[in-house]
Amino acid sequence: PLGIVAAAPLVGGLIKNPHAKVDPVGQSALTFTGFNRELNNGQPVRLVRQDGTPIRPADVSPGGQLTVFPGVPGGATNQYPNAPTLLIHLREEDAQQLRENLYEMNQGSMAGNFVAYSKICTHAGCPPSLYEQETNRLLCPCHQSQFLITDNARPVFGPAARSLPMLPIELDNEGFFVATRDYKVPVGPSFWER
């Protein structure tokens, strides 16, 4: 018992405060991702592959998806563990259905027939990346939550109770995808402090 009491301060010193302000953003690490423009000198952040190469629309076929990261130093590392995002190229009819269903806060967040959703499940933080193209559902393999891509990634099955956040995207003047701003709501599991 004495050993546990003596070790407690040492272990406690290793645990970081998740609400501590993080420079240069000046926010809690729970409230921003690597797509925050402040990490890119106030400029939109490019969507990149894990190797850092930027992405153009021709890189994702209709009905296809690609995992993307913020094009900032450390963007594809554990420095921004809440940043992995799915870029999905919807077929024309599916993109039109999503445009008709967009929540007010998601208006203007699509780039043509492309949409980007957080790859962090709102239930327990697993990666919902199994895209069922025919039903437009994104499945999370951990607890089987399913999200309807054509309706703001709204949960339609399983324990997740909140839609996957949508990343506002557009094309820059060189034709690459950029995030116009960070996610409008926190990504990841819902918890009581939100």
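Figured I'd write up the structure that's included with this text.

Rules and cut-offs
Residues numbered from 1 in each chain as written. Predicted model: local features only at pLDDT ≥ 70, side-chain atom pairs only at ≥ 80, totals over all residues. Heavy atoms only, no water. Helix = DSSP H or I, 4+ residues; strand = E, 2+ residues; numbered from the N terminus. Contact = heavy atoms within 4.5 Å. Polar contact = N/O pair within 3.5 Å; in protein donor to acceptor, adjacent residues only side chain to side chain. Pairing = 2+ DSSP bridges. Axes fitted to C-alpha atoms, helices over the stretch in contact; angles between N-to-C directions.

### Re the environment of Ser163
Here's step 1: In this fold, Ser163 is placed in the loop between β10 (154-157) and β11 (169-171).
Here's step 2: Sequence separation of Ser163 and Ser118 is 45 residues, and the distance between their C-alpha atoms is 9.6 Å.
Here's step 3: For Ser163, the contacting residues outside a window of four places in its chain are Tyr103, Thr122, Asn152, Ala153, Arg154 and Pro155.
Here's step 4: Here Tyr103 takes part through its side chain, which lies 3.3 Å from a polar atom of the side chain of Ser163.

### Some remarks on the pairing of β10
Here's step 1: In this structure, strand β9 (residues 146-148) lies alongside β10, joined through three bridges in antiparallel fashion. Residue Phe147 lies in a different strand from β10, and its bridge partner there is Pro155.
Here's step 2: Hairpin connection, β9 to β10: the antiparallel pair is bridged by five residues, and Asn152 has positive phi, about 60°.

### Remarks on the side chain of Gln146
Here's step 1: As for its position among the elements, Gln146 is in strand β9.
Here's step 2: Look past the residues within four positions of Gln146 in its chain and what remains in contact with it is Arg137, Leu138, Leu139, Arg154, Pro155, Val156 and Phe157.

### Remarks on the sheet that holds β10
Here's step 1: Taken in spatial order, the four strands make up an open sheet running β7-β8-β9-β10, and their pairing is antiparallel. Sheet topology places β7 (130-132) and β10 at the edges, where each strand pairs with a single neighbour. Across the sheet, the mean angle from the axis of one strand to that of its neighbour is 35°, orientation sign disregarded.

### Some remarks on the sheet that holds strand β4 (residues 65-70)
Here's step 1: Read from one edge to the other, the open sheet built from six strands follows the order β6-β5-β4-β3-β12-β11, with strand pairing classed as antiparallel. The two strands at the open ends of the sheet, each matched to only one other strand, are β6 (114-118) and β11. Each adjacent strand pair in this sheet contributes to an overall mean axis angle of 40°, direction not counted.
Here's step 2: Alignment of strand β3 (residues 45-48) against β4, held across two bridges, turns out to be antiparallel. Bridged to Val48 within β4 is Phe69.

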